[in-house]
Amino acid sequence: MKRQNVLTIRSITAIFWLGFFMAISFMEAPLKFTAPGISMAQGLQIGRIVFKSLNICEWAFLVIILLTCLMKKTSRYGFYLIAAISIILVLETAWLLPVLDAHAAMVIGGQQPPDHMEHWAYVVLEIIKVPVLLLIGLESIKVLRDDALKVNIQIISRCKRLKKITIIRSLK
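Residues numbered from 1 in each chain as written. Predicted model: local features only at pLDDT ≥ 70, side-chain atom pairs only at ≥ 80, totals over all residues. Heavy atoms only, no water.

Our focus in this paragraph is the overall build of the chain. For the chain, the helix and strand inventory stands at 4 helices and 0 strands. For the chain, the N- to C-terminal ordering of α and β elements is α-α-α-α. In terms of overall size, the chain is more extended than a compact globule, its C-alpha atoms giving a radius of gyration of 24 Å where 172 residues would be expected to give roughly 16 Å. Once the C-alpha set of the chain is aligned to its principal axes, its extents read approximately 95 × 30 × 25 Å. If you take every contact in the chain between residues at least 6 apart in sequence, the share linking residues at least 24 apart comes to 78%. (Helix = DSSP H or I, 4+ residues; strand = E, 2+ residues; numbered from the N terminus. Rg over C-alpha atoms; globule rule 2.2 N^0.38 Å. Contact = heavy atoms within 4.5 Å.)

Time to look at the pattern of salt bridges. Applying the stated rule across the entire model yields 8 salt bridges. With a closest N to O distance of 2.9 Å, E92 and K129 form a salt bridge. In this pair, E92 sits in helix α3 (residues 76-108) while K129 sits in helix α4 (residues 118-171), placing the two residues 37 residues apart along the sequence. Across the pair, exposure class does not vary: E92 and K129 are buried alike. (Salt bridge = Lys/Arg side-chain N within 4 Å of Asp/Glu carboxyl O. Buried < 20%, exposed > 50% of the residue type's maximum accessible area, 1.4 Å probe, protein only.)

Turning to the side chain of E126, a few remarks are in order. Counting through the fold element by element, E126 comes out in helix α4. For E126, a relative accessible area of 2% corresponds to the buried category. Separated by 2.7 Å, the side chains of E126 and K129 make a polar contact. Each residue touching E126, except ones within four places of it in the same chain, is listed here: F21, S25, F26 and E92. (Polar contact = N/O pair within 3.5 Å; in protein donor to acceptor, adjacent residues only side chain to side chain.)

Now for the layout of surface pockets. To locate leftover empty space, one rolls a probe as large as a water molecule over the atoms. Considered as a void within the structure, the largest pocket measures approximately 900 Å³ in volume. For the largest pocket, the lining is made up of 29 residues, of which L44, F51, L100, H119 and Y122 are closest to its centre. The set of elements that each furnish at least two residues to the lining of the largest pocket consists of α1 (3-31), α2 (40-71), α3 and α4. (1 Å grid on protein atoms, 1.4 Å probe; cavity = no way out; pocket = protein on both sides within 12 Å on 5 of 7 lines; lining within 4 Å. Points joined across faces, edges and corners; volume = space filled by probe spheres on them.)

With that settled, the discussion passes to α2. For α2, spanning 32 residues, the distance from its first C-alpha to its last is 46 Å, which sits close to the expected 46 Å at 1.5 Å a residue. Looking only at α2, the buried set comprises G43, L44, G47, F51, L54, N55, E58, F61, L62, I65, T68 and C69. Contacts from the buried residues of α2 go to α1, α3 and α4. (Expected span 1.5 Å × (residues − 1).)

This next bit is on α3. Helix length check: α3 (33 residues) gives 45 Å between terminal C-alpha atoms against 48 Å at 1.5 Å per residue, within 8%. At E92, α3 is deflected by roughly 40°, the largest bend along its length. Backbone geometry just after α3 places G110 at a positive phi near 85°. (Bend = angle between axes of the 7 residues up to and from the residue.)

Here you go:
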């Protein structure tokens with residue numbers, strides 16, 4: 001696969017992932033609790049399904065980004081960004097989502113969950129995810145732009161050489 005295609009796929013995947021999770025985490029999640037007739041328990045039941053599905057989709061997006069890295073190595077900066085999003089996703093999947101799911105199950109069952117900070121930790125990681133995904137997408141676009149500039153410079157250089165050759169030949 002061409003370098004440009006790999007970088008385009010990486011960029012589009014990161015930007016699409018950003019929009020996808022922002023729509024759910026920052027719009028759907030809080031708004032469902034404002035809907036008339038939806039109780040806290042019902043909202044939590046919906047949220048459990050939605051966030052489980054979101055997590056599966058996020059893993060698919062990460063796999064696509066990682067596959068593009070196997071096809072075309074990323075910059076050191078891009079590596080750090082992709083490592084950061086990977087760590088965030090592992091923390092959410094292995095630690096935060098199971099705890100939040102258990103607490104939601106308690107509320108749905110009519111129990112009071114213990115005080116915890118995991119929900120705020122999840123919110124903080126979601127906020128951190130925004131610039132990380134945006135920067136992954138922009139980093140790939142930057143590399144594409146830099147490649148295009150290099151090609152343009154090479155073309156201009158060749159044209160100048162051809163022009164010099166033409167001038168020299170016309171002088172003979």
